[in-house]
Amino acid sequence: MHLPDPVLNPPFNVTRASHTVLTVRDLAASKAFYTDLVGLVVSDEDANTLWLRGREENCHHSLVLVKGEVPDCPRIGFRVLTDDDILKAKDHFDSIGVAAKLVDVAYQGKTLQVTDAIGMPVEFTSSMPLRDRMFMAYDRYHGAAAQRLDHWQIQAQDVWKAFRFWQPLGFRTSEYTYSENSSEQVNLWGVWMQRKGNPHDLVFTNGLGPRLHHFAYLLRDAHDLVHACDVAGSLGLGRRLERGPGRHGISGAMFCYFRDPDGHRIELFNTHYQHIDLEPPVAWSLSDPRRADQWGLPAQAKWFNEATSFAGTDPVQPLLSIEPPTLERFLENA
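Residues numbered from 1 in each chain as written. Predicted model: local features only at pLDDT ≥ 70, side-chain atom pairs only at ≥ 80, totals over all residues. Heavy atoms only, no water.

Structural notes on the pattern of salt bridges
And step 1. Applying the stated rule across the entire model yields 16 salt bridges.
And step 2. Arg75 is the salt-bridge partner of Glu123, the closest N and O atoms lying 3.5 Å from each other. Here Glu123, found in strand β8 (residues 121–125), pairs with Arg75, found in strand β5 (residues 75–80); they are 48 residues apart in sequence, far enough to count as distant.
And step 3. On the basis of relative accessibility, which here comes to 23%, the residue Arg75 falls in the partly exposed class. (Salt bridge = Lys/Arg side-chain N within 4 Å of Asp/Glu carboxyl O. Helix = DSSP H or I, 4+ residues; strand = E, 2+ residues; numbered from the N terminus. Buried < 20%, exposed > 50% of the residue type's maximum accessible area, 1.4 Å probe, protein only.)

A short note on unusual backbone geometry
And step 1. Residue Pro210 is reached from Gly209 by a cis peptide bond, and omega for that bond is 10°.
And step 2. Along the polypeptide, Pro210 turns up in the loop between β12 (202–206) and β13 (211–218).
And step 3. Residue Pro245 is reached from Gly244 by a cis peptide bond, and omega for that bond is 0°.
And step 4. Relative to the helices and strands, Pro245 resides in strand β14 (residues 241–247).
And step 5. In this model, Tyr107 sits at a positive phi of 60°, which is unusual for a non-glycine residue.
And step 6. With respect to the secondary-structure elements, Tyr107 resides in the loop between β6 (100–103) and β7 (111–115).

Some points on the nonpolar core
And step 1. Membership of the largest hydrophobic core comes to 66 residues, with the highest contact counts inside it found for Phe93, Phe124, Trp166, Phe204 and Leu268.
And step 2. Once residues lying within four places of it in the same chain are set aside, the contact partners of Leu268 are Val38, Ala144, Tyr217, Leu219, Leu225, Ala228, Met254, Phe255, Cys256 and Phe258.
And step 3. Of all hydrophobic cores here, the second largest spans eight residues; its members include Leu218, Ala253, Phe255 and Tyr257. (Core = buried A, V, L, I, M, F, W, Y, C linked by side-chain atoms within 4.5 Å. Contact = heavy atoms within 4.5 Å.)

Some details on the sheet that holds strand β2 (residues 41–45)
And step 1. Strand order in the open sheet made by the eight strands is β2-β3-β4-β1-β5-β8-β7-β6, with mixed pairing throughout. Two strands close off the open sheet at either side, each with one partner strand: β2 and β6. Across the sheet, the mean angle from the axis of one strand to that of its neighbour is 25°, orientation sign disregarded.
And step 2. Here five bridges tie β7 to β8, and the two strands are oriented antiparallel to one another. Looking across to β8, one finds that Thr111 is bridged to Thr125.
And step 3. Lying over the sheet, helix α1 (residues 27–37) contacts β1 (14–24), β2, β3 (49–53) and β4 (63–67), oriented at roughly 160° with respect to β4.
And step 4. Those strands touched by helix α2 (residues 83–95) are β5, β6, β7 and β8, and its axis lies near 25° from that of β7. (Pairing = 2+ DSSP bridges. Axes fitted to C-alpha atoms, helices over the stretch in contact; angles between N-to-C directions.)

Right, dumping it as structure tokens:
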């Protein structure tokens, strides 16, 4: 299967995954989860909103928690390099008929909000107030001591449509999954796309969508991964560990997945690789189980089926359909 060549001179310069905005029902419970277990740092807070960042981040926030009745994801956010890139982005989306509006957002510079081709709400921002990096303040580490936001995985009802929206913006594919049907037609099941030089900032996988499957924070090493599980157990949150520890085939990362008090899924991971030079993406057949797990048992059905809805968006059934390789199916056949 051949994917289109990367766009090396995109219309504006997206640099990386920047921030996630989540609606939560109990702000105090969510604060405890993300500071005591995940180990994020509070940058600011008021009665209805909490702004957090990772230990190595000097941007004001990479996670925004907003109090509300329905737990969902209002938007995900990317950084661009300069204010001028925001204006270039506005011109680009206007030129292709995608509604884009400049908005004022607390603790962010110029910000542009759009909805992508599969209905996912997105914003781009050029700057944030700076806060001290805390990665050397080891005496103040908590829980997993998450270092920085790395990527999102999005369930997409049409992976090709999502790919065709983001690929022209300079997002390069590091890895992808495919299958061939009886007519030898090739189906695209997932794409791992990046802007910052590692395997992924943005991942689309086939499923009921658009929905936020998870957002991921980088840890320093495998010890911190296991320590996070131990801390969860000590805090009485051991049941919130949904999957792992394990190692992915795609990206090669060690991982564990937790569900927060509202069911939002966060991945804590480490050990991925550089993807800076021009090189062809790695192709994985859907029939190869090593793409998901290099060792260990497969994930439970809920890991495949449950995800966070985007605010104001009704998920639709995917174009492609297959029974995922769940733990439940594995045990039935054991």
